[in-house]
Amino acid sequence: MRLKNVPGSREMIAESEYTVSNPEQWKGNWHSLFENNHPIRIEIGTGKGKFIHELAMRHPEVNFIGIEKYSSVLIRAVEKQEQNPLPNLLFVRMDAEYITDVFGENETDRIYLNFSDPWPKDRHAKRRLTSREYLSRYRILLPAGGCIEFKTDNTDLFSFSLEEIALSGWTLLACTHDLHGDEELNRDNIMTEYEEKFSAKGNPICKLIAQVP
């Protein structure tokens, strides 16, 4: 996917009060930044922020952190937050590869992965956000009973993810190859920008929820 450059986006993100420019200093102490002891939940690959902004609006009793690698995408999420500020939502511009440098052991109870890059070539499998390499990182951040929620329209990536979860010893709590046709899982579903786009084309959406045993 070719990203459109947004001139000055990195500088605008750095200047926003809703982004954390030195996240490593808060490792193990994110509650003090939010100034409360509410649960902390993370979305990796937050994109333009539609999903996490609506999630934070629905759940003021939870703190949310959106992680995005690309400035030209994250700036749109930051703009949403500046237009409609929420006290329980912050953003970090970073590569998810370094997530254990930024968050401490058991510091989050849920991680959201929405329409992640499929990295289709076999030699890039370890870069997929549902690979065993990433699952091992999440396991540090999540306590026993903590969960990841993953949505995608890519059936090959979904099959790969199910295999990696089983091989990593996680517990699969829920799984569907047709989210919008699943009354239970779709009940409180918040659609991302990609989800709206793919659904409009008739693509079924897959979702799974996996738990640290």
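These numbers come from a predicted model, not from an experiment.

## Brief notes about the overall build of the protein
Reasoning step 1: Check the secondary structure of the protein and you find eight helices and seven strands.
Reasoning step 2: Relative to the compact-globule value of 17 Å for 213 residues, the protein shows a C-alpha radius of gyration of 16 Å, a close match.
Reasoning step 3: Seen through its principal axes, the protein has C-alpha atoms that stretch 40 × 40 × 35 Å.
Reasoning step 4: Buried residues in the protein amount to 49% of all 213 residues.

## Remarks on the side chain of T176
Reasoning step 1: Tracing the sequence through the fold places T176 in strand 6 (residues 171-176).
Reasoning step 2: Among the residues examined, T176 registers a relative accessible area of 9% and is labelled buried.
Reasoning step 3: Of the polar contacts made by the side chain of T176, one reaches the backbone nitrogen of D178; its length is 3.0 Å.
Reasoning step 4: Those residues within four positions of T176 in sequence are excluded, and the remaining contacts are F158, D182, L185, I205, C206 and K207.

## Quick look at the sheet that holds strand 1 (residues 40-44)
Reasoning step 1: Strand order in the open sheet formed by seven strands is 3-2-1-4-5-7-6, and the pairing between neighbours is mixed. Here the strands that pair on one side only, and so sit at the sheet edges, are strand 3 (89-93) and strand 6. Looking at each pair of strands side by side, their axes are set apart by 15° on average, direction ignored.
Reasoning step 2: The pairing of strand 1 with strand 2 (residues 63-68) spans five bridges and is classified as parallel. Its bridge partner lying in strand 2, E43 is registered against G66.
Reasoning step 3: On the sheet, helix 6 (residues 132-141) packs against strand 1, strand 4 (110-114) and strand 5 (147-152) and is oriented at approximately 150° with respect to strand 4.

## Quick notes on the packing of aromatic side chains
Reasoning step 1: Following the criterion strictly, the structure yields six aromatic pairs and no others.
Reasoning step 2: Of the aromatic side chains, those joined through ring pairs into one cluster are F115, Y194 and F198.
Reasoning step 3: Stacked on the ring of W119, the Lys or Arg R127 has its end atom at 4.8 Å from the ring centre.
Reasoning step 4: Sitting over the ring of Y134, R137 keeps its end group 4.5 Å from the ring centre.

## Details of the pairing of strand 7 (residues 206-211)
Reasoning step 1: The element strand 7 is largely enclosed, with a buried count of five among its six residues.
Reasoning step 2: Judged from the six bridges that link them, strand 5 and strand 7 form a sheet pairing that is antiparallel. Looking at the pairing, I148 lines up with A210 of strand 7.
Reasoning step 3: Strand direction decides the pairing type here: strand 6 and strand 7, joined by five bridges, are antiparallel. The residue of strand 7 that forms the bridge with L172 is A210.

## Looking at the layout of surface pockets
Reasoning step 1: Taken as a whole, the second largest pocket holds about 390 Å³ of empty space.
Reasoning step 2: Looking at the second largest pocket, it is lined by 19 residues, and the ones nearest its centre are E149, L185, D188, N189 and K207.
Reasoning step 3: Those elements that place two or more of their residues in the lining of the second largest pocket are helix 3 (50-58), strand 4, strand 5 and strand 7.
Reasoning step 4: A per-class count over the lining of the second largest pocket returns seven nonpolar, three polar and nine charged.

Cut-offs used in this document
- Residues numbered from 1 in each chain as written.
- Predicted model: local features only at pLDDT ≥ 70, side-chain atom pairs only at ≥ 80, totals over all residues.
- Heavy atoms only, no water.
- Helix = DSSP H or I, 4+ residues; strand = E, 2+ residues; numbered from the N terminus.
- Rg over C-alpha atoms; globule rule 2.2 N^0.38 Å.
- Buried < 20%, exposed > 50% of the residue type's maximum accessible area, 1.4 Å probe, protein only.
- Polar contact = N/O pair within 3.5 Å; in protein donor to acceptor, adjacent residues only side chain to side chain.
- Contact = heavy atoms within 4.5 Å.
- Pairing = 2+ DSSP bridges.
- Axes fitted to C-alpha atoms, helices over the stretch in contact; angles between N-to-C directions.
- Phe/Tyr/Trp six-rings, centres within 6.5 Å; stacked < 30°, edge-to-face > 60°.
- Lys NZ or Arg CZ within 6 Å of the ring centre and 35° of its normal.
- 1 Å grid on protein atoms, 1.4 Å probe; cavity = no way out; pocket = protein on both sides within 12 Å on 5 of 7 lines; lining within 4 Å.
- Points joined across faces, edges and corners; volume = space filled by probe spheres on them.
- Nonpolar A, V, L, I, M, F, W, Y, C, P; charged D, E, K, R; others polar.

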